[in-house]
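So the chains spell out like this:
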Amino acid sequence: MDQLKKAWNFSLPAEAKASLKVKAIKAFVWFLALMLCFTLISRAMDSLTIPLVQTKTPTRSTIIHQIIADGVLKTAKETSVLAPSGAMVTSIEVNAGDMVQAGDLLLTYDTKEIKFKISQEQLELAVLQRELAGINQRTVQKEEENTLSLERAEQDYALTEDQTELAIRNAGEKMRQARQNLQKYDGVRNRDYDYKDEEYTESEYNALRAAYRESVIDYDKAVAERDVALIHAQRAIDDANTDMINEDGDLKNLQIKLKQLELSRLYEAVASNGEVYAPCDGMITRVEAGIGSYTASEAAIFINGTDSVHFVAQVSLEQKKYVNQGNLATIELVGEKQARESLPITSITPSKENAGFYTFIVELPSDSLVLGTSGTAQLKQSSGQTYETCVPLSALRNDGANDYVLTVRETQTAMGTEYVACRVDVVLLERNESYAAIAGGLTGSSRIITQANKAVSDGDRIRLAERE
Amino acid sequence: MRLRIRQNLLTCIPLLLSMAVWLPLAFLVSGSLSGKQEISELLGPSLISGKEGYADWNLFPQYPTLRSYVELLLDSPEFFVMFWNSLWLTAGSLVGQLLVALPAAWWFARAGTRFGRWLFTAYIILMIMPFQVTMVSNYFALNTAGLLDTHWSIVLPMTFSTFPVYIMYRFFKAIPQSMIEAAQIDGASNFQIFFHIGLPLGKAGIASAMVLGFLEYWNLIEQPMTFLKTKSRWPLSLFLPEVSAANLGILFAASVIILFPSILVFLFGQEYLEKGLAGSGVKE
C-alpha cells in the first residue's frame, strides 16, 4: 500500500521540473518554426502542381471561314498538233517552252514521200475496185444458178407428188380387188344351201384372205413412201431458195472507202505544202517529232493554249464545305504586287490524284500570264448566322464522345477563394481555324479556360494567369 | 521475498491502468505510421458502407511508412492555414484574457465591496452555463456587431471569458490581507501592489489559467463551427472532419501534429495546472 501511495504521490524533483519547463518552451518554439517552414514548402509545392490557365469569356459573333489554298496557273486546254503520219520531218521551227500564236509555222515535212504514197494508194484503190467488180459479177451468176435450181426443185416436187399419187391409187385398186374376191368367195359359200365341205376348201379361202392383207400393207407402204418423197422434195426447194449474202463485196466496199479517206488525207497533206501551223495561241509544252525521222501516228507537238488560263488549287473535304461554285476568291500570284480580287470559282470537283481532296478552278483573264506560275487563293465565307457563344478553338475539348469546355468555378476552401475547372458539355455548331460556335450550358459571363500550362480536367484546381 | 513480489504487483496496478490511458495514443501514432492500404483494410469494415464486421487495429504498423506525414506536411497547405488560424485564435484569446481577466480577478479578490460580490456571483452563474445556452444570444450580438465570420467572433468572447477570472480570483484571494496592508503602509500604490505583490504571488494561478485556456481553445470546435463560415478561417479542430475516409492516414498524422503543442504546453504548465486545479477547489 505504501508503494501505491508512493506511485500516486510521485512528483519530479524541482530542478527536473524547471528543466522540463524550459525544454517544453524550446520545443514549442522549434515546433512553430518547423510548422512555418512546412507552411512555406507546402505552398510552394502546391503552386507548382496547380496548372496556370488563361481564360476568356464567350463572345457573340459570326464564324468566318477563311480558306487559303496554294495552286498554280494551268491552261484551260491542251492542244495536240498532228503531222501526217509517215512523212519525213525536214525542219522543226519551235522548241518546248516557246510561246506561239495561231498560224505560226511549227514544222515542215517532205511531200515527195506523200506524193509517192498517193500514187501507191491510188493503185491499191484501183485493184480493190477491180476485185469488187469481179465479185459482183460472180454474185449475179450465182443468183441465176440459184433461181434455176429452185425451179427444178419445184418441178421435182410436182413430179414426185404425181408419181406417188399414182402408186397409191394402184395399190388401192389392188386392195379393193382382193377384198371383193374375198367377199365374193365368202358370199358364194353362204348362199350355197347344198353346201359341201369338199366343194369349198379352207386353203382357197386362206389364200384369198392373205392376198387381201398383203394388198392392205402395200397400200399403207405407198402412202408412207409418198410422204417421205414429198418431204425430201420440199427440202430441196428450201435449199435452193436460200438468199445469197455477198460478204466479200461488202468488205471490199469498206476497204475502198478506207483507201479513199486515206487518200483525201494525203491530198490535204500535199495541199499544205508540207507545213504545219499552230492552231491556237499558246505555249509549246512538248515536241515529239524529230528532224529526219518519219512522223508516227502520235501527235508531233503539244501546245498549252493561253487564250484561257485557270488557277487550279486543292482543298480538303473539310474545307470544301465552304467552297462553292460562284464563291469569290482573291488570288495572289507570285511576282504580282496586286492581288486579283472577286474572281468567281467556276467549278469544284473531286481530285483525281488525291483521294479526299477537291480541286477548284478559278478562271483568269489571259493577259500576259505565265503558265505554271504558283499563287494562293483566299476565300472568306461567313456563317451567315450570328452565334451567341463563340469561344477560341483551343478552349474546345473532346473526350472522344462529347465536346466540352472547362469553365472556371470559384470555391471556398481552407486556402481562401480558389478556382476549380468545371466541365460543361457543349454542342459544336460551327467552327473555323480559330473559333468555334457552341451551344449549351454557358452564359455570357462564364470564364472559359483557353490555355493551360498543364493538362487540366474536370474538378482540377487551377490558377488564373490574368484576371479579366 | 513475498513482500517484494507484493510490492512489485502493487507497482504494476498503476502501470496497467496508465497503459489503458496510453493505448489510444499508441493507436494514433501507429495509425499515422501505417500505409493507406493497411488502414483501409483494418478500418474498412466499420467505415465503408455495405461492409460487415468490426474495425481491427495493430499496435505496430505492419508496413511502417512516413507517407502520411509527408503528404500532410508537404502536400496539404490547407492544414497549415488552419494551424495558424488555431494558433492565432488561441494566442489572441489568451492575450485578451491577460488584459481583461487578470485585472478583473484582482479587483474581485481585493475590492471586497457588496457590488463586487454580486457581480462575481453573476460571473459564476455565467461560467457554469454551457456554450449551447449562450450560443444564440452570442450569435445575435456578434451579428449586430458585424463580427460574424471573423476571428474576432471567437477571440472577443474568449477574452471576456469568466473561467480564468474564477481561477485567478482563487489565487489572488489566497494572498494574505496583512501582506497587502504592509505594502500599503510602506507607501505602495495600488498599481505597485498589483505588479509587485499580486502578480508574483498569483503567478501559478495565471499560468494555470493560461495552460487550461490553451488546452481548451486549441481544441475549440463549437464556436468556430457556429460563427465561422469561411473555410479559410477555420481552426485545426475543423480540419479532421474535412478529411474523407479515403485518406485516413492523413487524419492520423494530423491528429498527432495537433496533439503535439498540447503536450508541450502541458509539460510546461503541468505544475501550475495541478496547483490551479487544486486552488480552484480550496475553500476560503
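All values reported here derive from a predicted model rather than from experimental measurement.

**Q** An account of the overall build of chain A is requested, with residue identities and associated values reported.
**A** Of regular secondary structure, chain A possesses six helices and 20 strands. By the burial criterion, 18% of the 468 residues in chain A qualify as buried. Of the contacts formed within chain A by residues at least 6 apart in sequence, a portion of 76% connects residues at least 24 apart.

**Q** Describe the overall build of chain B, and please don't skip the residues or the numbers.
**A** A tally of regular secondary structure across chain B gives 14 helices and zero strands. Helices and strands appear in chain B in the N-to-C order α-α-α-α-α-α-α-α-α-α-α-α-α-α. For chain B, buried positions account for 33% of its 284 residues.

**Q** Go over the sheet that holds strand β5 (residues 99-100) of chain A with me, naming the residues and quoting the values.
**A** By way of backbone hydrogen bonds, the strands of a sheet pair with one another, either parallel or antiparallel. Residue and element names in this part refer to chain A. Spatial strand order, β3-β9-β8-β5: four strands in an open sheet with antiparallel pairing. Each edge of the open sheet is held by one strand with a lone partner, namely β3 (78-81) and β5. Pairing of strand β8 (residues 282-287) with strand β9 (residues 301-305) involves five bridges; the strand directions are antiparallel. Pairing of Val287 across the sheet is with Ile301, part of β9.

**Q** Quick one: what's the story with the interface of chain B and chain A, residue by residue and with numbers?
**A** Opposite the 25 residues of chain B that make contact, chain A presents 24 residues. At the level of secondary structure, the elements contributing two or more residues to the side of chain B that touches chain A comprise α1 (2-32), α3 (67-75), α4 (77-111) and α14 (248-281) of chain B. Broken down by class, the residue content of the side of chain B that touches chain A amounts to 16 nonpolar, five polar and four charged.

**Q** Quick rundown of the sheet that holds strand β6 (residues 105-109) of chain A? Include the residues and the values.
**A** All names here are of chain A. Taken together, the three strands give an open sheet; going across it, the order is β4-β6-β7, and neighbouring strands pair in antiparallel fashion. Each of the sheet's edge strands pairs with one partner strand only, and the pair in question is β4 (89-92) and β7 (275-277). The sheet shows a mean angle of 20° between the axes of neighbouring strands, taken without regard to direction. Inspection of the sheet shows β6 paired to β7 by three bridges, in the antiparallel sense. The residue bridging Thr108 from the neighbouring strand is Glu275, located in β7.

**Q** An account of the pairing of strand β11 (residues 328-333) of chain A is requested, with residue identities and associated values reported.
**A** A regular strand places its side chains so that they alternate between the two faces of the sheet. Residue and element names in this part refer to chain A. Residues Ala329, Ile331 and Leu333 of β11 are buried on one face, while the alternating residues Leu328, Thr330 and Glu332, pointing to the opposite face, are not. Examined bridge by bridge, β11 and strand β12 (residues 340-350) share three bridges and lie antiparallel to one another. Its bridge partner lying in β12, Leu328 is registered against Pro344. Joining the antiparallel neighbours β11 and β12 is a turn of six residues, in which Gly335 adopts a positive phi near 90°.

**Q** Can you lay out the pairing of strand β16 (residues 403-413) of chain A for me, pointing to particular residues and giving the numbers?
**A** Residues and elements named next belong to chain A. Where strand β15 (residues 397-398) meets β16, two bridges bridge the pair, whose relative direction is antiparallel. Residue pairing across strands places Arg397 opposite Tyr404, the latter belonging to β16. In sequence, β15 turns back onto β16 through a hairpin of four residues, with Gly400 there showing a positive phi of about 105°. Where β16 and strand β17 (residues 416-431) come together, 11 bridges link them in antiparallel fashion. If you follow Leu406 over to β17, its bridge partner there is Arg423.

**Q** Give me the lowdown on helix α5 (residues 247-271) of chain A, citing residues and values where you can.
**A** An ideal rise of 1.5 Å per residue puts 36 Å on 25 residues; α5 of chain A measures up with 36 Å between its terminal C-alpha atoms. Asn273 of chain A lies just past α5 of chain A and shows a positive phi near 60°.

**Q** How would you sum up unusual backbone geometry? Please name residues and give values.
**A** You will see that Asp149 of chain B, though not glycine, has its phi angle at about 65°, which is positive. By secondary structure assignment, the location of Asp149 of chain B is in the loop between α6 (131-145) and α7 (152-159).

**Q** Please provide a residue-by-residue account of the environment of Leu248 of chain B, values included.
**A** All names here are of chain B. Take Leu248: it is sitting in helix α14. Using a count of 22 C-beta atoms within 10 Å as the deciding quantity, one classes Leu248 as buried. Sequence separation between Leu248 and Gly35 is 213 residues; the distance between their C-alpha atoms is 9.4 Å. Discounting residues that sit within four places of it in the chain, Leu248 has contacts with Ile39, Ser40 and Leu43.

**Q** Lay out the environment of Thr349 of chain A with the relevant residues and their values.
**A** All names here are of chain A. For Thr349, the location among the structural elements is in strand β12. On the basis of neighbour count, Thr349 is assigned to the exposed category, with 10 C-beta atoms found within 10 Å. Separated by 24 residues in sequence, Thr349 and Gln325 place their C-alpha atoms 9.9 Å apart. Here Thr349 is in contact with Tyr358 and Thr359, once residues within four sequence places are set aside.

**Q** Describe the nonpolar core, naming the residues involved and giving the relevant values.
**A** Of all hydrophobic cores here, the largest spans 59 residues; its most connected members are Met82, Ala105, Val165, Met168, Tyr169, Val211 and Ala254 of chain B. Among the elements that take part in this core, α4 of chain B stands out by supplying 14 residues, more than any other. For Met82 of chain B, the contacting residues outside a window of four places in its chain are Ala414 of chain A together with Trp234, Pro235, Leu236 and Phe239 of chain B. The next biggest cluster of nonpolar side chains, apart from the first, holds 19 residues, and it includes Val89, Ala269, Met283 and Ala289 of chain A.

**Q** Report on the packing of α4 of chain B against α7 of chain B, specifying residues and quantitative values.
**A** Residues and elements named next belong to chain B. Remark: α4 packs on α7, axes separated minimally by 8 Å, with the N-to-C direction vectors making an angle of 30°. When the axes of α4 and α7 are compared, the pair comes out roughly parallel. For the element pair α4 and α7, the recorded crossing hand is right-handed. Contacts between α4 and α7 involve Leu89, Gly92, Ser93, Gly96, Gln97 and Val100 on the former and, on the latter, Ile154, Val155, Met158 and Thr159. Across the contact of α4 with α7, the residue classes break down as five nonpolar, five polar and no charged.

**Q** Residue-level account of α1 of chain B, with values.
**A** All names here are of chain B. Here α1 spans 44 Å end to end across 31 residues, near enough to the 45 Å set by a 1.5 Å rise per residue. When the local axis directions of α1 are compared, the greatest deviation, roughly 40°, occurs at Trp22, which is followed within four positions by the proline Pro24. Across the 31 residues of α1, two count as buried, placing the element largely on the outside.

**Q** Help me get a handle on the environment of Asn219 of chain B, residues and values and all.
**A** The residue Asn219 of chain B is located in the loop between α11 (203-218) and α12 (222-227) in this model. C-alpha separation for the pair Asn219 of chain B and Thr90 of chain B, spaced 129 residues apart in sequence, amounts to 9.2 Å.

About the thresholds
Residues numbered from 1 in each chain as written. Chains lettered and ligands numbered in written order. Predicted model: local features only at pLDDT ≥ 70, side-chain atom pairs only at ≥ 80, totals over all residues. Helix = DSSP H or I, 4+ residues; strand = E, 2+ residues; numbered from the N terminus. Buried ≥ 20, exposed ≤ 12 C-beta atoms within 10 Å, placed from the backbone. Contact = placed C-beta atoms within 7 Å. Pairing = 2+ DSSP bridges. Nonpolar A, V, L, I, M, F, W, Y, C, P; charged D, E, K, R; others polar. Axes fitted to C-alpha atoms, helices over the stretch in contact; angles between N-to-C directions. Expected span 1.5 Å × (residues − 1). Core = buried A, V, L, I, M, F, W, Y, C linked by C-beta atoms within 7 Å. Parallel < 35°, antiparallel > 145°, perpendicular 65-115°, else oblique. Left-handed = near helix turned anticlockwise from the far one by under 90°. Bend = angle between axes of the 7 residues up to and from the residue.

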